[in-house]
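An overview of the molecular structure
Each chain, written out:
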Amino acid sequence: YTATSYDCIGMVLFHQGRCDDTLIGFGKALSVRFKIFGENYIDTATSYGHAGCVLFEKHQYQEALEKLCKAEAIFKRDLGKNHLKTNMITKAIDDIAKAYQRDKNIENLEEIFRSSLNVDMHKPRLK
């Protein structure tokens, strides 16, 4: 329940426009889930996704992409590519690509996507 509480606090702070404080709340939720479930568990992926979306709002695209790609890989593995959570994360990743194109930062786009896709999904997951 502790991680869920941090998520709820983070959501309230996000809707108040307090992105830096939001990241602290989501970071605490991620830390708790990481310790309990490990890196490749669906609840941990949810925390990765939350943090990635806030980082995107802050225009910290590289960090956002790293978190979102981790979340996407876990969601695809556990929920399938057509699940709502997977699709939401995939859309957020697409939004980052559009932001790079809009900002004319295309020269870094391929490198950033390649580096972010290096997610180790061969680790065993907890059930």
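Everything numeric in this text was worked out from a predicted model, so none of it was measured. (Residues numbered from 1 in each chain as written. Predicted model: local features only at pLDDT ≥ 70, side-chain atom pairs only at ≥ 80, totals over all residues. Heavy atoms only, no water.)

1. Looking at the layout of surface pockets
Size it by volume and the largest pocket reaches roughly 420 Å³. Lining the largest pocket are 17 residues, with Gly49, His50, Cys53, Met88 and Ile89 sitting closest to its centre. At the level of secondary structure, the elements contributing two or more residues to the lining of the largest pocket comprise helix H1 (2-15), helix H3 (42-57) and helix H5 (84-102). The element best represented in the lining of the largest pocket is H3, accounting for 7 residues. (1 Å grid on protein atoms, 1.4 Å probe; cavity = no way out; pocket = protein on both sides within 12 Å on 5 of 7 lines; lining within 4 Å. Points joined across faces, edges and corners; volume = space filled by probe spheres on them. Helix = DSSP H or I, 4+ residues; strand = E, 2+ residues; numbered from the N terminus.)

2. So, the packing of aromatic side chains
Between two aromatic rings, the relevant description is the distance of the centres plus the angle of the planes. Evaluated as defined, the whole model comprises 2 aromatic pairs. Look at phenylalanine 37 and tyrosine 41: their rings are 4.4 Å apart centre to centre, the planes differ by 15°, and that puts the pair in the stacked class. The exposure class assigned to phenylalanine 37 is partly exposed, which follows from its relative accessible area of 24%. Where phenylalanine 56 meets tyrosine 61, the ring centres are 5.7 Å apart and the plane angle is 45°; that geometry is what we call tilted. (Phe/Tyr/Trp six-rings, centres within 6.5 Å; stacked < 30°, edge-to-face > 60°. Buried < 20%, exposed > 50% of the residue type's maximum accessible area, 1.4 Å probe, protein only.)

3. Let's talk about the confidence of the model for the protein chain
Across the protein chain, pLDDT averages 83, with 81% of residues at or above 70. This stretch, residues 120-127, has a pLDDT under 50; its non-local contacts, to residues over four places away or in other chains, come to 15 contacts. (pLDDT = per-residue confidence, 0-100. Contact = heavy atoms within 4.5 Å.)

4. Concerning the packing of H3 against H5
Put simply, H3 and H5 touch, their axes get as near as 11 Å, and they point 25° apart. The angle between H3 and H5 falls in the class roughly parallel. Between H3 and H5 lies a crossing of left-handed hand. Across the interface between the two elements, Thr46, Gly49, Cys53 and Phe56 of H3 pack against Lys85, Ile89, Ala92, Asp95, Ile96 and Ala99 of H5. Here the residues of the contact of H3 with H5 are counted per class, giving 6 nonpolar, 2 polar and 2 charged. (Axes fitted to C-alpha atoms, helices over the stretch in contact; angles between N-to-C directions. Parallel < 35°, antiparallel > 145°, perpendicular 65-115°, else oblique. Left-handed = near helix turned anticlockwise from the far one by under 90°. Nonpolar A, V, L, I, M, F, W, Y, C, P; charged D, E, K, R; others polar.)

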